[in-house]
Amino acid sequence: MTIRLAEAPFDPGALLSDFTRGRTETGAVATFTGIARAERGETAVLELEAYPGFTEAEIGKIADQARERFGLHDLMILHRVGRIGPGEPIVFVATAAGHRRAAFEACDFLMDYLKSRAPFWKKEHGPAGERWIEPTAQDHADRDRWS
Amino acid sequence: MARVLLFGPLRDLAGWRARDVEAGSISALRALLAGEDAALGEALVGPGVQVAVDQALVRGDAALSTRSEVAFLPPMSGG
């Protein structure tokens, strides 16, 4: 299991290749890549702040839940911090399981958690100034699907 | 001296990210910070603000030692 914060841009394809390599009993790998949107010019830069140590530990707790709940063979979560430009990946989640349903669902579960509960703070910088982004009602509703 | 950390909008509001503060409990720390900066004091007890001591979430009050790290965590959003 890998949980990591990244200061620099990353290549989701390379991560997927590494994650998939050497697996002979895993029938399914699902991935999700979140990408910073330009919002038609309204967002020039996204700034992501974490609490190093605490953030990885909190994500680790939910990752353990996901492993148990969906019987995962393995998982990987990589999350950007710092300043992120439009088009750059923010988050990469990969899940490995015996069959596809568990891999898909675990990926969905982990993303719903990351959007509304993981210790990150997100600020948009654009021509109109800057603003902090809080989870939306939809984000909370998405997470509540799993309880 | 406890080490106090602010994250997200709390940091912008206060104008600082980390400070050493003399306080024996979370409630004493909140009162001290509110005395210096009323807007920050209010924000520290705002909706969804959680507190971690030495990187573990706590509910309610808790005692602080001189080496405690206290983090105020406003509503979180990743991805």
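In this text, all values refer to a predicted model and were calculated from it rather than measured experimentally.

Procedures and definitions
Residues numbered from 1 in each chain as written. Chains lettered and ligands numbered in written order. Predicted model: local features only at pLDDT ≥ 70, side-chain atom pairs only at ≥ 80, totals over all residues. Heavy atoms only, no water. Pairing = 2+ DSSP bridges. Helix = DSSP H or I, 4+ residues; strand = E, 2+ residues; numbered from the N terminus. Axes fitted to C-alpha atoms, helices over the stretch in contact; angles between N-to-C directions. Contact = heavy atoms within 4.5 Å. Polar contact = N/O pair within 3.5 Å; in protein donor to acceptor, adjacent residues only side chain to side chain. Phe/Tyr/Trp six-rings, centres within 6.5 Å; stacked < 30°, edge-to-face > 60°. Buried < 20%, exposed > 50% of the residue type's maximum accessible area, 1.4 Å probe, protein only.

Asker: For the sheet that holds strand β4 (residues 74-80) of chain A, give the residues involved together with the corresponding values.
Answerer: Hydrogen bonds along the backbone pair up the strands of a sheet, which may run parallel or antiparallel. All names here are of chain A. Pairing in this open sheet of four strands is mixed, and the strands run β1-β4-β6-β2 from one edge to the other. Two strands close off the open sheet at either side, each with one partner strand: β1 (2-6) and β2 (28-35). Each strand axis lies, on average, 10° off the axis of its neighbour in the sheet, ignoring direction. Direction of pairing for β4 relative to strand β6 (residues 89-97): antiparallel, over a ladder of six bridges. Counted as the bridge partner of Leu75 is Thr95 from β6. Across the face of the sheet, helix α1 (residues 12-20) comes into contact with β2, β4 and β6 while running at roughly 20° to β6.

Asker: So what about the sheet that holds strand β3 (residues 50-53) of chain B? Which residues, and what values?
Answerer: Residue and element names in this part refer to chain B. Ordered in space as β2-β1-β5-β3-β4, the five strands form an open sheet in which the pairing is mixed. For this open sheet the edge positions go to β2 (18-21) and β4 (56-58), each flanked by a neighbour on one side alone. Each strand axis lies, on average, 30° off the axis of its neighbour in the sheet, ignoring direction. Against the sheet, helix α2 (residues 26-36) engages β1 (2-6), β2, β3, β4 and β5 (69-73), with an angle of about 110° to β2.

Asker: Go over the side chain of Ser116 of chain A with me, naming the residues and quoting the values.
Answerer: As for its placement among the helices and strands, Ser116 of chain A is situated in helix α3 (residues 100-116). A polar contact is formed between the side chain of Ser116 of chain A and the side chain of Arg143 of chain A, at a distance of 2.9 Å. Dropping the residues within four chain positions of it, Ser116 of chain A is found in contact with Pro135, Asp139, His140 and Arg143 of chain A together with Met76 of chain B.

Asker: Please set out the packing of aromatic side chains residue by residue, giving values where relevant.
Answerer: Tallied over the entire structure, the rule returns six aromatic pairs over all chains. Summarising the aromatic geometry, the rings of Phe70 of chain A and Trp146 of chain A are spaced 6.0 Å apart at their centres and angled 85° between planes, so their arrangement reads as edge-to-face. On the criterion of sequence distance, the pair formed by Phe70 of chain A in helix α2 (residues 54-70) and Trp146 of chain A in the segment after α4 (137-144) is long-range, its members being 76 residues apart. By relative accessible area, Phe70 of chain A is classed as buried at 12%. A residue is classified by how much of its surface remains accessible, and Trp146 of chain A, at 15% relative accessible area, is buried. With 5.5 Å between their ring centres and 90° between their planes, Phe109 of chain A and Trp146 of chain A make a pair best called edge-to-face. With Phe109 of chain A in helix α3 and Trp146 of chain A in the segment after α4, this residue pair connects regions lying 37 residues apart in the sequence. Exposure class is identical for Phe109 of chain A and Trp146 of chain A. Each is buried. Three or more aromatic residues joined by ring pairs make a cluster, and in this case those are Tyr51, Phe54 and Trp121 of chain A together with Phe7 of chain B.

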